[in-house]
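Each chain, written out:
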Amino acid sequence: MTAETAETAASRNLATCHICCKLASAELHHCPRCGSAMHLRKSDSIQRTLALLFTACLLYIPANLYPIMITEQLGKAEGSTILGGVVLLIHHGSIPIALVIFLFSVMVPIGKLMSMFYLVWTVERHSKLSPRQRTVMYQVTEFVGKWSMVDVFVVAILVALVHLGGLLEIKPGIAALSFAGVVIVTMIAAESFDARLIWDNMEEENSDDTTS
Amino acid sequence: MNKEMACHGCDLLVDVGGLKDGESASCPRCGHFLTKYRSDSYSRVLAYTMAGLILLFMANSYSFLSFSSSGLESVITLRQTPGAVWEYGMPEVAIMVAAFIIVIPTVVLVLLLALCLPLERGIYRPWLAPIAKAIFMSQNWAMVEVFIIGVIVSLVKIAAMATVVLGISFWAYAGFSICFTLAVATLDRYQCWERIEELGAAQA
């Protein structure tokens with residue numbers, strides 16, 4: 001069973017190591033147990049996260065405009081974009097797979113960008129809006145991150161599998177690269193965001209109350 | 001001995017000292033998972049790791065998928081998946097795919113074996129800390145389960161065009177992805193580092 005001490009590590013000037021959970025004085029720059037870099041809060045968390053989020057937004061444009069996959073059938077090349085692929089699947093009647101692709105390749109990346117922008121915005125505004133829900137939101141964002149890679153893996157598998165001489169061939173399109181970039185950059189963005197900042201705003205309020 | 005840990009989600013200090021076998025702790029303020037204590041956790045990790053390594057070896061020895069249409073057939077192995085993307089002029093994507101589905105998971109499993117064998121027997125080794133650090137830094141970048149979903153989606157996409165057969169390697173890889181996920185989930189970050197520190201202190 002756990003007992004609540006109702007005290008944060010930062011209020012005791014203790015930093016916690018991201019790699020090994022070690023608690024140590026915030027004056028140290030490296031963890032005494034595993035040697036990783038140590039900070040009270042991740043350094044420049046908001047700036048880094050924002051920079052990565054904007055990068056991801058830029059990469060997301062070519063990822064949707066250019067074909068992710070080019071099908072060559074009997075010498076006739078036909079490119080399909082991410083959304084085009086979903087529409088094609090619906091026409092073929094594979095609704096469940098169309099939903100899976102739509103969820104992982106369209107909704108997850110957009111939702112991830114939106115929720116990260118929202119979290120950064122509320123932290124910057126020192127919002128006191130239900131920190132627990134925002135923590136859950138951050139955890140979900142962090143968890144779903146890598147699932148967007150599904151579409152890139154599908155392209156890799158189809159490209160490797162489908163080449164039957166000149167009859168039928170599938171080639172990767174440039175969007176595969178930019179989309180993989182979106183996924184990786186947003187994963188790093190989620191990692192560089194410090195969820196504890198959400199709660200630091202609540203601390204400020206509490207300390208204001210006690211001093212006034 | 002100090003058994004306090006700070007929640008990664010909200011920085012609250014929580015005493016996690018008195019956990020009994022099989023009990024886990026979450027943060028009372030933000031609900032973030034903290035740690036789970038199991039007296040036999042290292043044997044469990046070892047079991048999953050060894051099963052995973054055997055399955056991974058099988059996944060690399062047989063054909064992964066085969067595809068045939070109008071009398072023409074193409075068979076691929078697991079390694080050819082990133083290889084083909086490389087040949088079509090996208091080495092960056094090929095490197096990423098290879099890293100996420102083969103290289104990082106394999107390295108993590110081998111490191112888990114090197115970490116948990118001494119930990120399970122209670123022996124201190126100077127390489128325990130660097131190995132644990134490498135595992136915890138790279139485990140988020142293994143995407144074995146995502147790849148399995150990718151295979152299933154690809155199958156449905158081309159099922160209309162041709163006949164696709166799943167090879168032994170696919171089933172081995174599916175088993176490997178389960179073992180890998182269980183092994184990584186069973187190794188508790190906080191407990192593992194406490195144990196390394198304990199063993200190191202006993203040695204000194």
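Please read all numbers here as calculations on a predicted model, not as lab measurements. (Residues numbered from 1 in each chain as written. Chains lettered and ligands numbered in written order. Predicted model: local features only at pLDDT ≥ 70, side-chain atom pairs only at ≥ 80, totals over all residues.)

Moving on: the sheet that holds strand 6 (residues 72-76) of chain B. All names here are of chain B. An order of 6-5-7 is seen for the 3 strands of this open sheet, with the pairing classed as antiparallel. Two strands bound the open sheet, and with one partner strand each, they are strand 6 and strand 7 (163-166). Neighbour to neighbour, the strand axes of the sheet diverge by 15 degrees on average, direction disregarded. Pairing of strand 5 (residues 65-69) with strand 6 involves 5 bridges; the strand directions are antiparallel. Looking across to strand 6, one finds that serine 68 is bridged to glutamate 73. (Pairing = 2+ DSSP bridges. Helix = DSSP H or I, 4+ residues; strand = E, 2+ residues; numbered from the N terminus. Axes fitted to C-alpha atoms, helices over the stretch in contact; angles between N-to-C directions.)

What follows covers the interface of chain A and chain B. Listed as interface residues are 54 residues of chain A and, on the opposing side, 57 residues of chain B. Counting residues per element, the side of chain A that touches chain B draws most heavily on helix 5 (residues 150-161) of chain A, which supplies 10 residues. Each residue belonging to the side of chain A that touches chain B can be placed in one class, and the counts come to 36 nonpolar, 10 polar and 8 charged. (Contact = placed C-beta atoms within 7 Å. Nonpolar A, V, L, I, M, F, W, Y, C, P; charged D, E, K, R; others polar.)

A word on the domain arrangement of chain A. Frequently, the measure chosen for interface size is the accessible area that the parts lose on association. For chain A, the assigned domains are domain 1 (1-40) and domain 2 (45-211). With centres defined by C-alpha atoms, the gap from domain 1 of chain A to domain 2 of chain A works out at 31 Å. (Domains from an automatic or database assignment.)

Residues and elements named next belong to chain A. Pairing is antiparallel in the open sheet, where 4 strands are placed in the order 5-4-7-6. One side of each edge strand has no neighbouring strand; the edge strands of this open sheet are strand 5 (76-80) and strand 6 (163-164). Across 5 bridges, the pairing between strand 4 (residues 69-73) and strand 7 (residues 168-172) is antiparallel. Residue pairing for strand 7: glutamine 73 is matched across the bridge by leucine 168.

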